[in-house]
Amino acid sequence: MRTVEWQRQAVPVREWYQKEHSNWVEVSGERSKWWTWRRVTQEAQQSVTCIQQYLYNIETGKPAPIAKLCIRPNEFKERLGEYSQYCPVSLALQQELVDCSGNESLEFAAEFQQKYYKMASADKLQRFLSDPERFLPPRATCSLPPAELLPKRRTATEVKQLFPKSARLQGFCAVTYVDGNYRYEVLVPGCQDFAAEYKDNLYLFASEECLSKFLSRPERYAEVALPCKLPPPRDATLVTALPMLGYLEQTVATAITKALTAAGRFKPKFPFKDAQASSLLYVALHLKAFNPHGSQYVREKYQQLLRDYEENCTLIGFLGSHMTKMYRLPAQRPIDFDEKLETFLNLKAGFATQYTLKQKLDT
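Scope of this entry: the structure provided in the associated data block. Here the residue numbering is sequential within each chain, running from 1 through the sequence in written order. The predicted origin of the model limits local features to residues at a pLDDT of at least 70 and limits the giving and counting of side-chain atom pairs to 80 or more, whereas totals for whole chains, interfaces and linings rest on all residues. Hydrogen atoms and water are omitted, and side-chain values are computed over all heavy atoms in the structure.

**A short note on the pattern of salt bridges**
Filter applied, for reference: By convention in these notes, a salt bridge is any Lys or Arg side-chain nitrogen within 4 Å of a carboxyl oxygen on Asp or Glu. Secondary structure is summarised from DSSP: a helix means a run of H or I of at least four residues, a strand means a run of E of at least two, and numbering begins at the N terminus for each. Partly exposed residues are those whose accessible area sits between 20% and 50% of the maximum for their type, while under 20% is buried and over 50% is exposed, using a 1.4 Å probe and protein chains only.
One pass over the full model with this rule turns up 15 salt bridges. Of the charged contacts in the structure, one is a salt bridge between Arg72 and Glu20, with a shortest N-O distance of 3.4 Å. Taken together, the positions of Arg72 in the loop between strand E1 (64–65) and helix H3 (73–78) and Glu20 in helix H1 (residues 2–20) put the pair 52 residues apart, joining distant regions of the chain. For Arg72, a relative accessible area of 36% gives the class partly exposed. Between Arg183 and Glu185 there is a salt bridge, with its nearest N and O atoms 2.8 Å apart. Connected through shared salt-bridge partners, Arg154, Lys165, Glu197 and Asp200 make up one network.

**Observations concerning unusual backbone geometry**
Residue Pro137 is joined to Pro138 through a cis peptide bond whose omega torsion reads 5°. With respect to the helices and strands, Pro138 occurs in the loop between helix H5 (122–130) and strand E4 (152–154). Located in the positive-phi region is Gln114, a residue other than glycine, with phi close to 65°. With respect to the helices, strands and loops of the structure, Gln114 is situated in the loop between strand E2 (109–112) and strand E3 (115–118). Phi at Lys199 takes a positive value of approximately 55°, unusual for a residue other than glycine. Using a relative accessible area of 43% as the deciding quantity, one classes Lys199 as partly exposed.

**Concerning the packing of aromatic side chains**
Under the convention used in this document: Think of it this way: a Phe, Tyr or Trp ring, Trp meaning its six-membered ring, pairs with another when their centres are within 6.5 Å, and the plane angle makes it stacked under 30 degrees, edge-to-face over 60, tilted otherwise. Charges are assigned to positions over rings by a cutoff of 6 Å between ring centre and Lys NZ or Arg CZ, combined with an angular limit of 35 degrees from the ring normal.
Under the counting rule described, the total for this entry stands at 13 aromatic pairs. Ring centres of Tyr282 and Tyr309 lie 6.4 Å apart, and the angle between their planes is 45°; on these two criteria the pair is classed as tilted. Within this pair, whereas Tyr282 is found in helix H12 (residues 275–289), its partner Tyr309 is found in helix H13 (residues 296–313), the two being separated by 27 residues in sequence. The exposure class assigned to Tyr282 is buried, which follows from its relative accessible area of 4%. Taken together, the ring pairs connect Tyr198, Tyr203, Phe205 and Phe214 into an aromatic cluster. Of note, Lys229 hangs over the ring of Tyr184, and the distance from its end group to the ring centre comes to 5.3 Å. Directly above the ring of Phe318 sits Lys340, whose terminal nitrogen or CZ lies 4.2 Å from the centroid.

Structural data, given as structure tokens:
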């Protein structure tokens, strides 16, 4: 019972500690107790070292990384600096708005003058730690725009809720158009899955990469104007709205091509049927036997009928090669000659193809 209760509670407890304090460390219990003790001791020493280094840096007025200090998310948000969760290094060096809120970890976060700052990568964190005042006011060359002027990512559901607001640029992707030197052929329709709102305008983009580019430098793409000539709309067309030939091409063209190819290879000639009727029957059976929308049972039934049909088509060649003008004793005939001859005569006597196929389907 204790094991069951532990298994039930271990996962939510681990997730809570990892979310609130980021201090859950897994240590293998399958090794020796000495190895386990040494591993735990190393983790504890690393944690104490980080805390000591943090206290020293704060006391001396230097920036300090806060990755392993067990800072809760609410505390982090309350002490965010003037750049919120945007990377000040990216804004100063590349003039790009890099939102780091998607990364919940504090791996690239630091504290300076009792404020928290979040960087986009380890390299930018090291740049900030080496000279933080270069990336903060008053020395910073770029400041974060007001919250209402920041681009915001929108989900497809949020885009629908913004109705009747329509997308700018008639829904075309501004990033592909600008990066493609404003050429006609790079005008690509955007998608609601990659949308952003900026200065009360809605923008759609062709991919996640295009959306990321816009979020980092929205002023580069926001004011672009479309050319007079636009590509035709790419709205989906229902198959049922196509003309007959188009409908057949989109629905059954592949199946018919395979059936006609098989008929051309086999060249069926059913007894007492001309070549055209024999080929049509073969194509019909092939379509039913390999219909992807049919059930497995029906396909197997028609596949067996198709094999029987092919066998009956070989009766003419078989009988023609083994029948002679002179009577031959049963012992001198092929072992299945009489059976095939009876089948052939039954087909002539009125056991038509339709009867044969229906009887076999019913059984």
